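Summary of the model geometry
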Amino acid sequence: MGSTGSIGTQALEIVRANPERLQVEVLTAQNNADLLIKQALEFEPNAVVIADKAKYQYVKDALDKHDIKVFAGADALTQVVQMDTIDIVLAAIVGFAGLKSTIAAIEAGKPVALANKETLVVAGALVTNLAKEKGVNIFPVDSEHSAIFQCLAGEFHNKIEKIILTASGGPFRGKDKKFLSTVTKENALKHPNWTMGAKITIDSATMMNKGLEIIEAGWLFSLKPEQIEVIIHPQSIVHSLVQFEDGSIKAQLGLPDMRLPIQYALFYPQRVPSTFTRFDFTSYPNLSFEKADAETFPALSLAREAMNKGGNLPCVLNAANEVAVGAFLNDEISFLDIADVVEKSMQKASFIAKPSLEDYTKSDEETRKIASVLTTNKVRA
Ligand code: NAD
Ligand code: MG
């Protein structure tokens, strides 16, 4: 799901390198029809979905002479994941848009390799309960959560005292609010260590990405908010750490390369050989760690607040953030406005203590309206 994105294309590199182990059944994209067609011609899946219905005929015509089914629209996304021939679903759509297909995959008993962290942020209780009920595994793809998952191998009966999520600090690490008030989208899109989709790159610059990852970790590893610590580690070599009850800490290290966590999730519990560049300690004589600056980057505290209050508040946080990041990428609001829109939306949206899936959809829609008004007011101001 989301094969044309940053995670999707890297996942296909892994398929290309492991043709005897992996076969693609379905590929999906929002509107990058040309790349979807190219991928379909190379990997010959059973079916493709182009979510944007306006592109259906174009994709259909291009794949006409091939034995590949073509579907369009958001509903098709939830249908294809349930196909009998699928063994595992890689959820790599960005944002709330990935929620329904991930739920549909779990409902059909398919294990999920989860990159789409927003799914757990929005509806963590619902998704993890459903997975338990269906006996379905969710394998983390997010590098920090993969690191924790790897540290937990052989430790499943040992209690976690706490986990430490590492954060690079993004392009604006060490800067103050005055500096941040002048930064542009071009500045924010330059991540020091990772090349990723636009939305997560902006989330990394605001630190909302780490906020979302705190919530994601809470659901994946059944942790209380106070068991999740964040530490800035500018080199992105230590991908995260677990501290056990005897005080021992385990970490997972490697060069920043998403193909490793994607591959680990797809092949778990096996580690298969790779040709990825190996980490060399002498090239990194200094691995450093520093405290996160929650004052300058309020997104971190907003995410913690959403996690503590629970209910639909993380869903509200996510929806407002998606709208604000979109507006920032359209040059409509400033960098500092992003967290401001999220904070005000969290104050305005209706609170639901125990939301159903329908409630989440409604809350997402309501918040998008609230956040859009807030961003429009900022444009006028
Ligand atoms: P991206 O923008 O590069 O790709 C997103 C993919 O989702 C594309 O294939 C796009 O066509 C599809 N998509 C977007 N909107 C859609 C919609 N409404 N309906 C159907 N499909 C839609 O994003 P990415 O960087 O690959 O990130 C994907 C997910 O993985 C995000 O949740 C992100 O937080 C997470 N993640 C990414 C990275 C990374 O290195 N890129 C690392 C960790 C986690
Ligand atoms: Mg991450």
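Refer to the preceding data block for the structure.
Residues numbered from 1 in each chain as written. Chains lettered and ligands numbered in written order. Predicted model: local features only at pLDDT ≥ 70, side-chain atom pairs only at ≥ 80, totals over all residues. Heavy atoms only, no water.

Let us look at the site of ligand 1. Around ligand 1, the structure places 23 residues, and the nearest of them are T4, S6, Q30, E118 and G197. Q30 places a polar main-chain atom, nitrogen or oxygen, 2.8 Å from an oxygen atom of ligand 1. Coverage of ligand 1 by the protein amounts to 86% of the 830 Å² it exposes when considered alone. (Near = heavy atom within 4 Å. Polar contact = N/O pair within 3.5 Å; in protein donor to acceptor, adjacent residues only side chain to side chain. Areas by Shrake-Rupley, 256 points an atom, 1.4 Å probe, with all protein chains shown as cover.)

Counted at 1.5 Å a residue, the expected span for helix α15 (residues 335–348) with its 14 residues is 20 Å, and the 21 Å between its end C-alpha atoms agrees. Residues of α15 that are buried: F335, D337, I338, A339, V341, V342, S345 and M346. (Helix = DSSP H or I, 4+ residues; strand = E, 2+ residues; numbered from the N terminus. Expected span 1.5 Å × (residues − 1). Buried < 20%, exposed > 50% of the residue type's maximum accessible area, 1.4 Å probe, protein only.)

This paragraph deals with the sheet that holds strand β1 (residues 26–29). Ordered in space as β1-β2-β3, the three strands form an open sheet in which the pairing is parallel. In the strand order of this sheet, the two ends are held by β1 and β3 (69–72), each with one partner. The average undirected angle you get between the axes of adjacent strands in this sheet is 15°. (Pairing = 2+ DSSP bridges. Axes fitted to C-alpha atoms, helices over the stretch in contact; angles between N-to-C directions.)

Attention now goes to the nonpolar core. One recurring pattern in soluble globular proteins: nonpolar side chains tend to sit buried together. Counting residues in hydrophobic clusters, the biggest one holds 122 residues, and the most contacted among them are V48, V141, I163, F221, L317 and F335. No other element matches the ten residues that helix α14 (residues 313–329) contributes to this core. In contact with V141, other than residues within four places in its own chain, are I7, L90, A113, L114, A115, S146, M258, P261, I262 and A265. (Core = buried A, V, L, I, M, F, W, Y, C linked by side-chain atoms within 4.5 Å. Contact = heavy atoms within 4.5 Å.)

For the magnesium ion (ligand 2), the full set of protein donor atoms is D142 (OD), E144 (OE) and E213 (OE), at a range of 2.1 to 2.2 Å. Read N to C, the donor residues that coordinate the magnesium ion (ligand 2) are spaced as D-x1-E-x68-E. Taken together, the residues D142 in the loop between β6 (138–140) and α7 (143–151) and E213 in helix α11 (residues 208–220) connect sequence positions 71 residues apart. Here E213 falls in the buried class, since its relative accessible area comes to 1%. (Donors = N, O, S within 2.8 Å, 3.2 Å for Na, K, Ca; no water.)

The subject of this paragraph is the pattern of salt bridges. Any two side chains of opposite charge can pair, on the condition that their charged atoms come close. The full count for this structure, using the stated rule, is 21 salt bridges. Notably, a salt bridge pairs R21 with E20, separated by 3.2 Å at the nearest N-O pair. Salt-bridge contacts for K210 lead to E144; the nearest nitrogen and oxygen are separated by 2.8 Å. Taken together, the positions of K210 in helix α11 and E144 in helix α7 put the pair 66 residues apart, joining distant regions of the chain. Taken together, the salt bridges that share partners define one network made up of K117, D142, E144, K210 and E213. (Salt bridge = Lys/Arg side-chain N within 4 Å of Asp/Glu carboxyl O.)

In the contact formed by helix α10 (residues 198–206) and α11, the axes pass within 5 Å of each other and the chain directions differ by 95°. In terms of orientation, α10 and α11 fall into the roughly perpendicular class. Residues K199, I200, D203, S204 and T206 of α10 form the contact with α11, whose participating residues are M208, N209 and L212. For the contact of α10 with α11, the residue count by class is three nonpolar, three polar and two charged. (Parallel < 35°, antiparallel > 145°, perpendicular 65-115°, else oblique. Nonpolar A, V, L, I, M, F, W, Y, C, P; charged D, E, K, R; others polar.)

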